Structure formats: structure tokens, C-alpha cells
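# Residue-level structure breakdown
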Amino acid sequence: MEPDHYRFGGGSSATVLHPLVAVAMVLAIFLILWAPLKNALASLLLAIFLIPKGQVLVLAGVHLNVYRIILLAGLARWVISKRKAPLTGGFNSIDRLFAAGAIAFFVIFSLQYMATQALIKALGDLLDALAGYFVLRFFIRDRDTVRETIRVMAIVAFIAGICMLNEQRTGVNVFGLLGGTLSISETRNGAIRSMGPFLHSIPAGAFGATLVPLLIWLWSEKTFRKTAILGFLGATVMAITCHSSTVLGCYVAGIFGLCMWPLRKQMRLIRYGLLLSVIVLHLVMKGPVWSLLEHIDLTGSSENFHRYQLVDTFIRHFDEWWLLGTQNNGSWGWEMADTSNEYVTYGIGGGLLSFVLFIAIISKCLGRIGTKRKLVSGNRSEEWFFWCLGSAMLSHLVVFIGIDYFDQMLLAWFALLVMISTSVSTATPNGKAKPVRRLKNLKRWYFDHELDEEFQEPKLLNVL
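Keep in mind the model is a prediction, meaning the values are calculated, not measured. Along each chain, the written sequence defines residue order, and numbers are assigned to residues from 1. Given that this is a predicted model, residues contribute local features only at a pLDDT of at least 70 and side-chain atom pairs are listed and counted only at 80 or more, while totals for whole chains, interfaces and linings are drawn from all residues. Side-chain metrics rest on all non-hydrogen atoms present in the structure, leaving aside hydrogens and water.

## Observations regarding the nonpolar core
- In plain words, nonpolar cores are sets of buried Ala, Val, Leu, Ile, Met, Phe, Trp, Tyr and Cys residues tied together by side-chain atoms within 4.5 Å. In this scheme, a residue with accessible area under 20% of its type's maximum is buried, one over 50% is exposed, and one in between is partly exposed, where area comes from a 1.4 Å probe on protein chains only. By size, the foremost hydrophobic cluster in this structure holds 110 residues, and its most contacted members are Leu 44, Leu 136, Phe 207, Leu 411 and Trp 413.
- Broken down by element, the residue count for this core peaks at 13 residues, all from helix 15 (residues 409–426).
- Contact criterion: two residues are considered in contact whenever any of their non-hydrogen atoms come within 4.5 Å of each other. Ignoring sequence-local partners within four residues, the contact set of Trp 413 consists of Phe 358, Ile 362, Met 393, His 396, Phe 400 and Tyr 405.
- Grouped together as the second largest cluster of nonpolar side chains are 7 residues, Leu 310, Phe 314, Met 336 and Val 344 included. Where helices and strands are cited, they refer to DSSP runs of H or I of at least four residues and of E of at least two residues respectively, numbered from the N terminus.

## Here's the deal with the environment of Gly 350
- Structurally, Gly 350 can be placed in helix 13 (residues 342–375).
- The spacing of Gly 350 and Phe 106 is 244 residues in sequence and 7.5 Å in space, taken between C-alpha atoms.
- Excluding its chain neighbours within four sequence positions, the residues that come into contact with Gly 350 are Phe 105, Ile 108 and Thr 345.

## Description of the pattern of salt bridges
- By salt bridge we mean one thing: a side-chain nitrogen of Lys or Arg within 4 Å of a carboxyl oxygen of Asp or Glu. Tallied over the full model, the rule gives 11 salt bridges.
- The salt bridge involving Arg 151 is made with Glu 148; its shortest N-O contact spans 2.8 Å. On the criterion of helical spacing, the pair formed by Arg 151 and Glu 148 is a turn pair, its members being 3 residues apart in helix 6 (residues 143–170).
- Under the relative-accessibility criterion, Arg 151 is labelled partly exposed at 23%.
- For the salt bridge of Arg 373 with Glu 383, the shortest nitrogen-to-oxygen distance reads 2.9 Å. One end of the pair, Arg 373, is in helix 13; the other, Glu 383, is in helix 14 (residues 380–399), with 10 residues separating them in the sequence.
- On the basis of relative accessibility, which here comes to 8%, the residue Arg 373 falls in the buried class.
- A single salt-bridge network, built from bridges that share partners, covers Asp 144, Arg 147 and Glu 221.

## Some remarks on the packing of aromatic side chains
- Ring geometry is summarised as follows: Phe, Tyr and Trp rings, the Trp one being its six-membered ring, pair when their centres sit within 6.5 Å, and such pairs are stacked at plane angles under 30 degrees, edge-to-face over 60 and tilted between the two. Overall, the coordinates contain 27 aromatic pairs when judged by the stated rule.
- Both rings, one in Phe 98 and one in Tyr 133, keep their centres 4.2 Å apart while their planes meet at 15°; by these two values the pair is stacked. Separated by 35 residues along the polypeptide, Phe 98 in helix 4 (residues 93–113) and Tyr 133 in helix 5 (residues 116–139) bring together distant segments of the chain. In this pair, the class of Phe 98 matches that of Tyr 133, namely buried.

## A few points about the pairing of strand 1 (residues 56–59)
- A one-sided burial pattern is seen for strand 1, the buried positions being Val 56 and Val 58 and the unburied ones Leu 57 and Leu 59.
- In this scheme, strands are said to pair when DSSP sees at least two bridges between them. With 4 bridges joining them, strand 1 and strand 2 (residues 62–65) adopt antiparallel strand pairing. Paired with Val 58 across the bridge in strand 2 is His 63.

## Digging into the confidence of the model for the chain
- Residues with a pLDDT of 70 or more make up 87% of the chain, whose mean pLDDT is 86.
- For every residue, the predictor states its confidence as a pLDDT score lying anywhere from 0 to 100. Counting contacts from residues 431–464, a segment whose pLDDT is below 50, to residues more than four positions away or on other chains yields 54 contacts.

Written out as C-alpha cells, the structure is:
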């Protein structure tokens with residue numbers, strides 16, 4: 001079922017920009033362009049996550065929401081950088097998969113609708129994706145900037161948590177008073193579903209839930225323990241006050257991943273065991289194994305049957321969406337136009353190619369995390385860091401079952417991918433220098449040999 005409109009970025013047909021937001025945006029742009037790297041990164045993240053994405057400037061029919069304007073400022077900082085700083089570790093396989101997935105989705109979505117407004121919408125989404133990811137790749141360059149990213153997100157979680165707790169008391173969203181999101185909180189079965197600066201309660205809760213494993217790692221860094229504790233409290237409040245089974249499941253998944261730490265050397269056996277269990281369940285159950293989604297309700301108000309039906313109809317209508325996606329998912333059943341599942345959204349919007357590339361980047365990230373954890377084996381602090389990254393990834397994979405990211409949560413997902421991409425590019429065994437070896441066919445040339453050469457081109461050094 002084709003949506004009503006595909007304006008550039010969607011949203012309001014007129015400018016929605018509160019004066020306080022305008023001032024905050026101008027200040028953030030100034031800091032992004034001229035402040036030191038860490039301060040610029042903090043300004044970018046605070047502006048992105050705390051300003052509702054519905055705050056938008058409409059010029060000649062072109063929608064420039066604050067989210068997009070801030071990202072364009074980040075791109076400008078990269079362009080005018082005197083050092084012309086390259087991406088840490090070069091343009092690696094994770095970056096390539098992300099770029100390929102974004103471009104593939106843009107092309108297939110445009111071909112699916114063959115309409116000018118759809119093309120404009122797709123161009124806006126492509127800009128948000130590529131700018132969001134690669135601006136973060138420019139700013140997040142090493143472990144210090146990874147730590148700074150998590151620290152700032154902890155501050156965001158604490159602020160949003162307080163505001164979402166206030167929503168439970170008053171039913172009023174203070175961020176909504178600025179415009180760009182709902183001012184009166186959504187309720188379901190008598191429970192207020194807080195959303196803070198986000199456009200919906202589930203991504204608001206997901207921000208907090210997926211952040212927990214990273215905050216646990218930040219707590220292990222003694223200098224940042226107070227920030228980590230405040231962030232953990234805020235993240236937990238966000239996860240609870242959104243009143244979503246999907247988010248609670250995501251929260252539990254992240255904690256479960258951390259609890260698997262003692263079994264980290266048996267993960268291959270555990271993965272095969274889980275795969276075998278899924279196959280056996282599928283064979284012995286009356287319904288398909290994904291019908292288990294129908295029985296998950298942690299809040300008493302979950303749309304668990306819709307989650308199951310969405311996955312089931314998506315699989316059964318494979319022939320309709322595999323090539324160029326489909327516009328007809330609304331005819332598959334009741335409320336099937338509501339694709340509240342990230343995996344289904346990629347298939348319906350971008351066909352099998354986009355779906356496969358989305359799975360590929362998840363697989364690549366998890367694979368690189370595992371490889372690097374083994375590389376630093378014996379260095380418990382480094383191993384723990386990569387384990388926490390993997391647990392955060394697991395929490396995202398769980399929440400994808402119940403929501404497709406469409407607001408600031410997109411940048412939270414991009415931030416995790418970038419932290420993984422940067423970290424696996426720079427990890428060395430036990431902190432030792434990377435070894436050097438002679439090339440057979442070049443007597444007077446050496447190169448700095450990466451243990452994982454896929455992430456950095458060999459550097460030739462002329463030995464005089």
C-alpha cells in the first residue's frame with residue numbers, strides 16, 4: 001500500500017522550529033565546525049538525540065530537519081579538515097557493506113515506485129544513512145572517541161530518563177512542548193508509554209535498552225563510573241517507562257549476552273546448539289518456529305500476534321518482494337502495512353538484495369568482533385570491551401523484531417556499527433606493535449603487516 005506522500009524527509013508540510021531549538025542548533029553547528037574533535041562529537045550527539053527529529057525547516061518544498069542539518073555540518077567539518085583525515089583503518093569491509101546496502105535500498109525502492117516523490121524520499125533517506133554513518137566514522141577515530149561517544153549517550157539517557165519518568169507522572173512530554181513530537185503521551189491499556197525526544201515509545205525505550213551493555217563497559221573504566229551509573233539508571237528508566245515487550249526483551253538480551261562471558265571460549269558450540277534447537281523446534285511444533293513470537297507478552301499489552309503475522313506473511317509472500325520489494329504488503333492481512341520489524345522493512349522496501357546486505361553487515365560485525373576478541377586473548381580488559389560490543393549488537397538484533405528504526409535510533413545503530421568498525425581496525429594482540437615482515441619480491445621495501453589485512457592497505461616504506 002503506497003504511503004500518502006514522499007516529500008524530502010517526510011513529516012510536516014510547514015516549518016516546525018522552536019526558537020530554543022533554533023538557538024541550540026546554531027550553537028551545535030558552530031561547535032561541530034570549530035571545536036576540538038571530542039567537543040564537536042559531543043555537540044553532534046547531544047543535538048541529534050535530544051532535539052526531536054520532527055523539528056524541521058521547509059524551504060521551497062525541501063524538508064531539512066534538524067537531524068539532517070546537523071549531519072551536513074558534520075560533513076562540512078570533515079571536508080574543511082586541514083588534515084584531510086582519512087577514516088581510521090581505511091575504507092574497510094564493514095564500511096563497504098553499509099554503503100552498498102544504503103545504495104541498493106535507494107535504487108530498488110526508487111525502481112519499485114517509479115515516481116518523483118518516491119525518488120525524493122529515497123534521496124533524503126540515502127543522505128541520512130550515508131551522512132549519518134560516515135560523519136560518525138570521521139569523528140569516532142580511536143578508543144578515546146569510542147569512550148566519549150558512550151559517555152555522551154549516557155548523558156542523553158539520563159536526561160531522557162528523567163523526562164520520561166516525568167511523563168509517567170504528568171502524561172505530558174516536555175520535548176513535545178517544543179514541537180516535532182507528541183506533547184500528550186500515548187497510552188495503552190491504561191499505561192502511559194513515554195517517548196521523550198523520540199517519535200515513538202519503542203525506539204525511545206530501545207535507545208536505553210541497547211545502550212546498557214556499553215554502559216557496563218564504561219563502568220569498568222574507573223574514571224567514568226559515575227557517568228556510567230547515571231546513564232544506566234536513565235537507560236533502565238527509558239526501557240521500563242516505554243511499556244514495550246519488545247524493549248524489555250531487548251534489555252534482557254543485552255544482559256544475557258554479558259552473562260555469557262564465562263562461556264566465551266565455547267561460543268562455537270553454543271551457536272551450533274542454538275541452531276540445532278531451532279531446527280528441532282520447527283520440526284516438532286504444530287506451527288512454524290517463528291510462531292513463538294505470538295506467545296511473548298511481557299507487559300500484558302503487546303501486539304505479539306501482529307509480530308508473528310508480519311514475519312509469517314513476509315516469508316509466505318517471498319515471491320512478491322524478492323526482486324524489487326513490494327507495495328502490496330497491506331493486502332497480506334490485517335495491519336500488514338505496519339512493518340514494525342527491521343528485517344521485514346528491508347525486504348519489503350529493498351528486495352532480497354537489501355535484505356541480504358543487511359544480514360551481511362550484521363554477520364560481518366559479529367564475525368570481526370569474535371576474531372578480534374580472540375586476537376587480544378589474554379588481555380581481559382580488551383576482551384571485555386569486544387564482548388560488550390557484541391552484547392550491544394545482540395540487543396539491537398532482538399529489538400529489530402518489534403520495530404524498524406525511523407528516528408534518532410538510526411544514529412544509535414550507526415554509532416554501534418562505527419564503534420565496531422573503528423575498534424576492529426585498530427586492535428592489536430595484547431597491545432603489542434604490529435609485526436613487520438619482508439616482501440619476497442621487493443628487497444628494499446617493507447610493509448606494516450596487519451593481522452587482519454582486510455582493514456588496512458599495506459603501507460610501503462622505503463628503507464634507505
